[in-house]
Amino acid sequence: MKYKGRFGDYGGFYVPEVLIPVLEELEEAFYRFYEDEQFVAELAQLSKNYAGRPSSLYYAKRFSEHVGFKVYLKREDLLHGGAHKVNNTLGQGLLAKYMGKAKLIAETGAGQHGLATAMIGALFGMETKIFMGVTDIERQSINVHKMKLCGAEVVPIEGGTGTLKDAINDALRYWTAHVTDTFYLFGSACGPHPYPTVVKHFQTCIGKETRQQCLEQIGRLPDIVVACVGGGSNAIGIFSGFIDDKNVRLIGVEAGGRSLSSGKHAATLVAGRVGILHGAKAYLLQDKEGQIHDTESVSAGLDYPAVGPEHCLLKDTGRAEYVAAEDEDVLDAFGLLSKTEGILPALEPSHALAFLCSQKGKLDAEQIVVVNLSGRGDKDVGIVEKRRPLEN
Amino acid sequence: MKTYKQVFSELGEQKRAALIPFFVIGDPDFDTSLAIVKTAIDAGADVLELGIPFSDPIADGPTIQKADIRAMRSGMTVRKGLEFIRKVKNYKDIPIGLLMYYNLVYQYGTEQFFTDFHQAGANSVLVADLSIDDADEIVEPAVSAGLDTVFMVTPNTGPERMKLIASRTTGFIYTVSVLGVTGIREKLSDMIGGLVGKLKKLTGVPICVGFGISKAEHAATVASAGADGVIIGSKIVGLIESNLGNREKMLAEISTFLSEVKSTISPCTN
Ligand SMILES: Cc1ncc(COP(=O)(O)O)c(C=O)c1O
């Protein structure tokens, strides 16, 4: 490997020997193509015409009135597929194409990354397999159906709690046996090097656009940028645009699940301890001896016991702050944005919105907060219906 | 304490390959697991590979994943692993290689882990998800604790890397016979002869082959390809799984299978 893939002491590539040559191949290809003129042009064209970039920055006036400060939404929910995930799958998919790989595999939790990979598999005519835990298959069934319509095979994973962690385990195992012809299109800015770097690169468009849109539309930078954190890709994408603007607070919101004290959550940075999982050193939810905990969250996309290495470093240096939002508050926030703006947010970014609701009365009226609205909530309507039945 | 060096040189003189069964410690429970390991020793095991169960064993196929789950459900912990190894060593002085996932070692404290497990009787610790690139994190503490080092070579490891791996290995090279995770396989990988040959030319460090060796004839082929040891995991772990209700039959089948393998790999035919 050419680089160590470290963020401070975090990250690295802690994988079995058999995976090293493919990670090396990926690293080599990434650095060969990511600034290549033709690659950049092709990705820009697809981002615009296929995915719908740039996404808009929208001033949510009625939601703002409700919380008492100015809230802008970065509308990644408007992209093709309904989430920021397409930024990454277009980038990595194109990389796979340039590398001459014919097959794609991916893990998925909420099904958004699985769907975004299935779309790109169809777009490039690549055979696509999506690994998904059985719990997630059940709670995100609309996305499962969409993936299949795009021609992907969805492989149900029984292990563990049938969530994202288990899907990654099996995707890694499958990749181990199919390293020669298969590209593993990893879904978040975590896992072994070079994925945290690769995924971040393809998500930096969020931050670049947002910063420029703030300057154009508001005439100044925001005071706070907020994003939900699962593996950390949408958050690092938007944070990257403001990392050098020291006066802009960066806040990542993790899944508080039932509650932090119940132990049933996925708030890795808030409540975890450093260890090694899925190829990287990072904060993890684990027991005393290092067995990985089962996590719980109303949102499948945040239901993961590890987190991207760069967020670990940002936490330690204090450049970003990390908090948790609990399921009930998340469902409230989902309802509030739907009612005040007619925008149904995915349950993942509803965590970021829940944090805003918690700041009501704490931030003054002129404060400007940008939220990365990483995805739309269509996939979650069933869950919300069950948890919060409508009164007739 | 018997060392790898002693075992491999004795076997070398007899032109025999080492029989190396793998088990998950505590599968299906502590006492049965100990009885299984003793049975394997009685059936002629020359070296033992023992794993402490981990919640997310990414290098393992379904058979060993299930063993990990059985062991953890029965209350297996890292600390009980120490006690287990002590008990095995009391039964017979046989080299023991531990097979670990890094997080368990890291949480224990790498240096302390190596020191304590060496004291308990382990000869080496192979960390499945730590490659030679990060060897610095474990070689120094392993050596100062008195342990040998074991690293993996896979069919896609390049020649320069093989040399690097050999140069940092003092115990044996764990040669993975397939591109894939652990598991029972019908056929032996055709990559194995070439791989063992290449390694033999590069290094004098013993070469043991594992992953997918599921029949006595597989073991015989591996031994005649020049391997110094044959590691058998999923096949015998599968015998635990298929006989969970019947301990006598479980022990008998493991004993029969290992004895059969033992007779086909000794004497080594080349
Ligand atoms: C809409 C949406 N936002 C956020 C996430 C969390 O992932 P990440 O932290 O990588 O952005 C997901 C994951 O599935 C998602 O679907």
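Our structure is the block above this text.
In short, a report on the structure. Keep in mind the model is a prediction, meaning the values are calculated, not measured.

### Quick word on the overall build of chain B
A count of helical and extended segments in chain B gives 12 helices and eight strands. The C-alpha radius of gyration of chain B comes to 17 Å, within 12% of the 18 Å expected for a compact globule of 270 residues. Taken along its principal axes, the extent of the C-alpha atoms in chain B is 45 × 40 × 35 Å. Put simply, chain B has 270 residues, and 63% of those count as buried. Long-range pairs, those at least 24 residues apart, make up 74% of the contacts in chain B with a sequence separation of at least 6. When the accessible area of chain B is evaluated, it comes to approximately 9700 Å², of which 51% is carbon and sulfur surface. A distance of 4 Å separates the average location of the 27 positive side-chain charges in chain B from that of its 31 negative side-chain charges.

### Let's talk about the sheet that holds strand E5 (residues 151-153) of chain B
Residues and elements named next belong to chain B. Taken together, the eight strands give an open sheet; going across it, the order is E4-E3-E2-E1-E8-E7-E6-E5, and neighbouring strands pair in parallel fashion. If you trace the sheet from one side to the other, it starts and ends with strand E4 (124-127) and E5, each paired once. Averaged over all neighbouring strand pairs, the angle between strand axes comes to 25°, with direction disregarded. Direction of pairing for E5 relative to strand E6 (residues 173-176): parallel, over a ladder of three bridges. Considered in E6, the bridge of Met-152 is made with Tyr-174.

### A closer look at the interface of chain B and chain A
Taken together, the contact between chain B and chain A spans 35 residues of the former and 32 residues of the latter. Of the roughly 2800 Å² buried at the junction of chain B and chain A (both faces included), carbon and sulfur atoms supply 50%. Looking at the side of chain B facing chain A, the largest losses of area belong to Asp-56, Ile-58 and Gln-107 of chain B, adding up to 21% of the total buried there. On the surface where chain B and chain A come into contact, there are five salt bridges. Contributions of two or more residues to the side of chain B that touches chain A are made by helix H3 (62-73), helix H4 (78-91), helix H5 (102-108), E5 and helix H8 (159-167) of chain B. Among the elements that make up the side of chain B that touches chain A, the one with the highest residue count is H5 of chain B (five residues). Grouping the amino acids of the side of chain B that touches chain A by side-chain chemistry returns 17 nonpolar, 10 polar and eight charged.

### Topic: the layout of surface pockets
The calculated volume of the largest pocket comes to roughly 680 Å³. Lining the largest pocket are 30 residues, with Gly-159 and Gly-160 of chain A together with Ser-55, Gln-65 and Ile-69 of chain B sitting closest to its centre. Among the elements of the structure, helix H8 (164-177) of chain A together with H3 of chain B are those that each provide at least two residues to the lining of the largest pocket.

### Examining the packing of H3 of chain B against helix H11 (residues 234-242) of chain B
Residue and element names in this part refer to chain B. Contact geometry for H3 and H11: axes closest at 9 Å, N-to-C directions at 50°. As far as their axial angle goes, H11 and H3 are oblique. Note on packing geometry: the crossing formed by H3 with H11 is left-handed. Contact residues: H3 offers Thr-63, Ile-64, Lys-66, Ala-67 and Arg-70, while H11 offers Ser-234, Val-237, Gly-238, Ile-240 and Glu-241. When its residues are assigned to classes, the contact of H3 with H11 shows four nonpolar, three polar and three charged.

### A closer look at the sheet that holds strand E2 (residues 10-14) of chain A
Residues and elements named next belong to chain A. In spatial order, the strands read E1-E2-E13-E12; together these four strands make up an open sheet with antiparallel pairing. Lying at the two open borders of the sheet, with one neighbouring strand each, are strand E1 (6-7) and strand E12 (273-277). The sheet contact formed by E12 and strand E13 (residues 279-284) spans five bridges and is antiparallel. What sits directly across from Val-274, in E13, is Tyr-283.

Basis of the calculations
Residues numbered from 1 in each chain as written. Chains lettered and ligands numbered in written order. Predicted model: local features only at pLDDT ≥ 70, side-chain atom pairs only at ≥ 80, totals over all residues. Heavy atoms only, no water. Helix = DSSP H or I, 4+ residues; strand = E, 2+ residues; numbered from the N terminus. Rg over C-alpha atoms; globule rule 2.2 N^0.38 Å. Buried < 20%, exposed > 50% of the residue type's maximum accessible area, 1.4 Å probe, protein only. Contact = heavy atoms within 4.5 Å. Areas by Shrake-Rupley, 256 points an atom, 1.4 Å probe, with all protein chains shown as cover. Lys, Arg positive; Asp, Glu negative; His and termini not counted. Charge placed at Lys NZ, Arg CZ, Asp CG, Glu CD. Pairing = 2+ DSSP bridges. Axes fitted to C-alpha atoms, helices over the stretch in contact; angles between N-to-C directions. Buried area = accessible area lost by both parts, 1.4 Å probe. Salt bridge = Lys/Arg side-chain N within 4 Å of Asp/Glu carboxyl O. Nonpolar A, V, L, I, M, F, W, Y, C, P; charged D, E, K, R; others polar. 1 Å grid on protein atoms, 1.4 Å probe; cavity = no way out; pocket = protein on both sides within 12 Å on 5 of 7 lines; lining within 4 Å. Points joined across faces, edges and corners; volume = space filled by probe spheres on them. Parallel < 35°, antiparallel > 145°, perpendicular 65-115°, else oblique. Left-handed = near helix turned anticlockwise from the far one by under 90°.

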